[in-house]
There are 2 protein chains.
Amino acid sequence: MKIIENPSQNIWSELIKRPLQNYETIETTVKLIFKEIATKGDAAVLKYTNLFDGVKLTDLKATKEEISEADQLVSAELKAAIQLAKRNIESFHIAQKTDPVAIETMPGVRCWLEKKPIQKVGLYVPGGSAPLFSTVLMLAIPAQLAGCKEIVLCTPPDKTGKINPAILYAAQICGVTTIIKSGGIQAIAAMALGTETIPKVYKIFGPGNQFVTCAKQFATQFGTAIDMPAGPSELLVFADKTANASFVAADLLSQAEHGKDSQVVLVTTDQLFLNKAVSEITKQLENLSRKAIIKEALQNARFIYLEKETDALDFINEYAPEHFIICARNAALFTEGIQNAGSVFVGNYTPESAGDYASGTNHTLPTNGFSKSYSGVNLDSFLKTISFQQITAAGIQNIGESIAVMAEAEGLDAHKNAVSIRIKTIQNEANGD
Amino acid sequence: MKIIENPSQNIWSELIKRPLQNYETIETTVKLIFKEIATKGDAAVLKYTNLFDGVKLTDLKATKEEISEADQLVSAELKAAIQLAKRNIESFHIAQKTDPVAIETMPGVRCWLEKKPIQKVGLYVPGGSAPLFSTVLMLAIPAQLAGCKEIVLCTPPDKTGKINPAILYAAQICGVTTIIKSGGIQAIAAMALGTETIPKVYKIFGPGNQFVTCAKQFATQFGTAIDMPAGPSELLVFADKTANASFVAADLLSQAEHGKDSQVVLVTTDQLFLNKAVSEITKQLENLSRKAIIKEALQNARFIYLEKETDALDFINEYAPEHFIICARNAALFTEGIQNAGSVFVGNYTPESAGDYASGTNHTLPTNGFSKSYSGVNLDSFLKTISFQQITAAGIQNIGESIAVMAEAEGLDAHKNAVSIRIKTIQNEANGD
């Protein structure tokens, strides 16, 4: 834990730095696996699943039997919790639906914009130490609401070749159409290129480690879109003296348990609070099962004291946190002034956990400062807009001259001709020629 | 020109293929230039401007004098046309503004979504044979409407070190904050990394040749977002016997004049019409100034006859055209059924030229089949969404149990603790402890 008091603006750029992600060595592996999957399909996916996940599969698709078995294995309590989360996530994402935009920009020139679902999407759900069924909800629910026709989910199998039952259960109730037992680079490559079993998709969503992230970025070279480049998860808390140190400590610890590369930042205008939060962290840490991971993550944690709230806001906008908790009397300054953040949590009773699981907001969010340009996943992430226009004979006469003048100035006379040939015809018809 | 009659579905994948873009050789150059600009800044930009554009500049920024000189050089007629286009583009993009989404997903759990402008954006406007001031309008107008603070425009200078006056004029009236005389890989690298003169931006927009496209894709590795990967421009026209062959020919020719790699496709349910369109093209071609380019482009043109309209629609959705013109009695089948297209033009009096310049829709659109997952540029392209939530003491008690159950099932007990510590405190306070 680093405590930094009143850092001057010229060291901010140092303070907002995340650990460097170097993909150069990974890139070679990624390219190799893409090439192999392009030619060998399923066989290559199976080979790398054996190599990386240590399990020999014969079939990549989860079967109906496995799905109904999973249904038996998930407790009624967990099912109820998942269903509650599902309802809230649905409500919030349904609320994001918009009507088509349609206007007449000039008499006879009607322009409109419609959103259409991306027809085939791929959802990546990491395996590893935590079975992230919550990520299934966050990706499959908006995909289904958007109207995506094919929803492919890839997640790595465990050593016995199975997928965690809660992941299967969540996938099933959220309308996933194909569940594939495959993770890592090979899963991303298979969804980008298509194999005998794994459908080629148009956009890939979901978090993952550096291998998955590098593979997603490489997939864009094949015309596959991605939700965003993902990095280690982050939380920045702003707290003043009205904040509750034990709540804030619990939030920072919850972020730290994600992984040893998790980013944990506290910004406060109260030095006393800073000390209280640090000692609360030390106290609470002892009882947590992922203590070892948390301790490693906390080595990179930053506790920053800034005298002025406006400086704090400026710093936070420079940092552009994935998660941003505000525990302060003057919360409005921050909710109104925040420009760059993935998701914002306001007030003492709004832990990040709420948004991670069940409040309704999406937990797939831009890390690594990418909230400066990327949105978190939302309903629109599964839609694309198409513009339309319809011009009447009167309309083309109203607008035609301007088009012709501009086309000529750009040196494109066939563009001009496409307008003038129409206008001439209309005028000839009017003259009875 | 290839004429294909009733192609069976199993050769569609061949028919929708665009010319392969191979970036492997370009990539080495791109990486080299990025590395050099990262260390040498402006000096490297100037060096490559000399090397690629053949002009030795001393200053990269367009001066106030140059801008006011440009204002003198643009004709009143062209200014009026640009102003009309600007008004229409503004109207259509203003209409795309949305209200924040806010709901209470459960009692005491309030979630909302707000859009915020991307603070620093970079607009790329190609040089070359046509001075694309229309692209300035299409990018700078929505950027300004979105509220982007820094709007940087890069465009290559001519051999005398100047920027086309119409580009400067358009940039000036659309609120561009910095105009840089630089194009190609070096311009993209400079906007992604920042130099002494060229501000680092968060998202880069705009069309370009294969060097620019490859550089934009590489820029994403540095956390810079891009609008979309761009390829050669395309038009697909669907026409039945009610269409006007000379209008359709003019549209196809206008597409072909963009460049020799332009994609031109006609799909029709009327064989007679197909023949008429082909002979109209041959006739009109003779009088066009960019005849040589058009002839080359037409070598790859495809004229496809399909008996059934529904097959035509399926084929068009597979092709996913950038521009899609519908000249058919049964236009509704296509406007309702189209899933994948950049921009759609409906009816005999709606040439692509209208959307290219002045009707109000944006002309920066996904090519190469990318409309399967990408939107064309619109107001949202310059905004990002941030989700917010605020939970009351009652709210956390309503939702807390579900969060705790899910966190525990994912093996994340610090996440659970962040909720239970709050609920315990609330209950203790209620009990007067």
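Rules used throughout
- Residues numbered from 1 in each chain as written.
- Chains lettered and ligands numbered in written order.
- Predicted model: local features only at pLDDT ≥ 70, side-chain atom pairs only at ≥ 80, totals over all residues.
- Heavy atoms only, no water.
- Core = buried A, V, L, I, M, F, W, Y, C linked by side-chain atoms within 4.5 Å.
- Buried < 20%, exposed > 50% of the residue type's maximum accessible area, 1.4 Å probe, protein only.
- Helix = DSSP H or I, 4+ residues; strand = E, 2+ residues; numbered from the N terminus.
- Contact = heavy atoms within 4.5 Å.
- Pairing = 2+ DSSP bridges.
- Phe/Tyr/Trp six-rings, centres within 6.5 Å; stacked < 30°, edge-to-face > 60°.
- Buried area = accessible area lost by both parts, 1.4 Å probe.
- Salt bridge = Lys/Arg side-chain N within 4 Å of Asp/Glu carboxyl O.
- Polar contact = N/O pair within 3.5 Å; in protein donor to acceptor, adjacent residues only side chain to side chain.

Caption draft 1: Quick look at the nonpolar core. Counting 73 residues, the largest nonpolar core has A:Val121, A:Leu137, A:Ile179, A:Phe382 and B:Met406 as its most contacted members. Broken down by element, this core gets its largest block of residues, 9 residues, from helix H6 (residues 133-146) of chain A. Once residues within four sequence positions are removed from consideration, A:Val121 is found in contact with A:Ala143, A:Cys148, A:Glu150, A:Ile151, A:Val152, A:Val201, A:Lys203, A:Phe205 and A:Phe382. With 68 residues, the next largest nonpolar core counts A:Ile426, B:Ile89, B:Ile118 and B:Leu379 among its residues.

Caption draft 2: A look at unusual backbone geometry. Residue and element names in this part refer to chain A. Positive phi outside glycine occurs at Asn6, with the angle close to 45 degrees. Mapped onto the fold, Asn6 is located in the loop between strand E1 (2-5) and helix H1 (12-15). At Ala320, a position not held by glycine, the phi torsion is positive, near 55 degrees. Its place among the elements puts Ala320 in the loop between helix H13 (309-319) and strand E12 (323-327).

Caption draft 3: Representation of the sheet that holds strand E4 (residues 120-124) of chain B within the structure. A sheet is described by the order of its strands in space; here 5 strands give the open sequence E6-E5-E4-E7-E8 (chain B), paired in parallel fashion. Looking at strand neighbours, the two that pair on one side only are strand E6 (178-181) and strand E8 (225-226) of chain B, the edges of this open sheet.

Caption draft 4: Inspection of the packing of aromatic side chains at higher detail. Following the criterion strictly, the structure yields 24 aromatic pairs over all chains and no others. Measuring from ring centre to ring centre gives 5.4 Å for A:Trp12 and A:Phe315, while their planes differ by 85 degrees; the resulting arrangement is edge-to-face. Placement of the pair is A:Trp12 in helix H1 and A:Phe315 in helix H13, with a sequence separation of 303 residues. Each member of the pair A:Trp12 and A:Phe315 is classed as buried. Measuring from ring centre to ring centre gives 4.0 Å for B:Phe205 and B:Phe382, while their planes differ by 15 degrees; the resulting arrangement is stacked.

Caption draft 5: Spatial organisation of the interface of chain A and chain B. Listed by partner, the interface residues are 120 residues for chain A and 120 residues for chain B. Approximately 10500 Å² of surface area, both sides summed, lies buried where chain A meets chain B, with 59% of it carried by carbon and sulfur atoms. Remark: the boundary between chain A and chain B carries 4 salt bridges. For A:Lys31, the salt bridge identified is with B:Glu27, shortest N-O distance 3.6 Å. In this assembly, chain A and chain B are joined by 68 residue pairs in polar contact (both at pLDDT 80 or more).

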